[in-house]
Amino acid sequence: MQYSIYQSVKIVDMSDEIMSEVLFHHGEHELVALAVGSSVITHQLGLRQFEVVYDKREGKQQRVNIVDIETDLMATPAATRVYLEPVTLIIGQHDVGQIF
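Residues numbered from 1 in each chain as written. Predicted model: local features only at pLDDT ≥ 70, side-chain atom pairs only at ≥ 80, totals over all residues. Heavy atoms only, no water.

Draft legend 1. Here's a closer look at the environment of Arg-63. Turning to its location among the elements, Arg-63 is positioned in strand 5 (residues 61-72). Given a relative accessible area of 64%, Arg-63 falls into the exposed group. Between the C-alpha atoms of Arg-63 and Thr-42, which are 21 residues apart in sequence, the distance is 6.6 Å. Dropping the residues within four chain positions of it, Arg-63 is found in contact with Ser-39, Val-40, Ile-41 and Glu-85. A distance of 3.0 Å separates polar atoms of two side chains, one belonging to Arg-63 and the other to Ser-39. (Helix = DSSP H or I, 4+ residues; strand = E, 2+ residues; numbered from the N terminus. Buried < 20%, exposed > 50% of the residue type's maximum accessible area, 1.4 Å probe, protein only. Contact = heavy atoms within 4.5 Å. Polar contact = N/O pair within 3.5 Å; in protein donor to acceptor, adjacent residues only side chain to side chain.)

Okay, structure coming up:
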């Protein structure tokens, strides 16, 4: 089954003030049946300035739980979206810099 995987990301400053909130799209994946409470392993998220990006440095992976699965029956074909547990990134602490 084809899934679109999303994760809510809150970007805060060092004083824990919210700078922005984004819905990060992990992409479209062909997977077997998923269930709420299951977990997925993916690259850890980080910041490049104010943009949410994958942190692809060595050992930077995360295990994240699925918190909701939504099927849109109004779309043709039906679209299934998977939502991962939200994450908070702190400006200055989660900067991945320039990765080449």
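Having seen the structure, we can now continue with the description.
Draft legend 2. The pattern of salt bridges, seen in detail. Within the structure shown, the criterion is met by three salt bridges. Where Asp-55 meets Arg-57, a salt bridge forms, and the shortest distance between an N and an O atom there is 2.6 Å. Judged by relative accessible area, which is 37%, Arg-57 ranks as partly exposed. The partner of Asp-72 in a salt bridge is Arg-81, and the shortest N-O contact between them spans 3.7 Å. (Salt bridge = Lys/Arg side-chain N within 4 Å of Asp/Glu carboxyl O.)

Draft legend 3. Representation of the sheet that holds strand 3 (residues 39-48) within the structure. Strand order in the open sheet formed by six strands is 2-1-6-5-3-4, and the pairing between neighbours is mixed. The open sheet has two edge strands with one neighbour each: strand 2 (18-30) and strand 4 (51-55). Within the sheet, the average angular offset between the axes of one strand and its neighbour, ignoring direction, is 40°. Pairing of strand 5 with strand 6 (residues 79-90) involves six bridges; the strand directions are antiparallel. Its bridge partner lying in strand 6, Glu-70 is registered against Arg-81. (Pairing = 2+ DSSP bridges. Axes fitted to C-alpha atoms, helices over the stretch in contact; angles between N-to-C directions.)

Draft legend 4. Focus on the side chain of Thr-42. Tracing the chain through its elements places Thr-42 in strand 3. With sequence-adjacent residues up to four places away left out, Thr-42 is seen in contact with His-26, Tyr-54, Gln-61 and Gln-62.

Draft legend 5. Layout of the environment of Gln-62. Mapped onto the fold, Gln-62 is located in strand 5. Classification of Gln-62 by relative accessible area gives buried; the value is 14%. Sequence spacing of Gln-62 and His-26 is 36 residues, and the spatial spacing of their C-alpha atoms is 13 Å. Sequence-distant contacts of Gln-62, defined by excluding residues within four places in its chain, comprise Gln-7, Val-40, Ile-41, Thr-42, His-43, Gln-44 and Leu-45. Side-chain polar atoms of Gln-62 contact the backbone oxygen of His-43, separated by 3.4 Å.

Coordinates in, geometry out; function isn't part of it.
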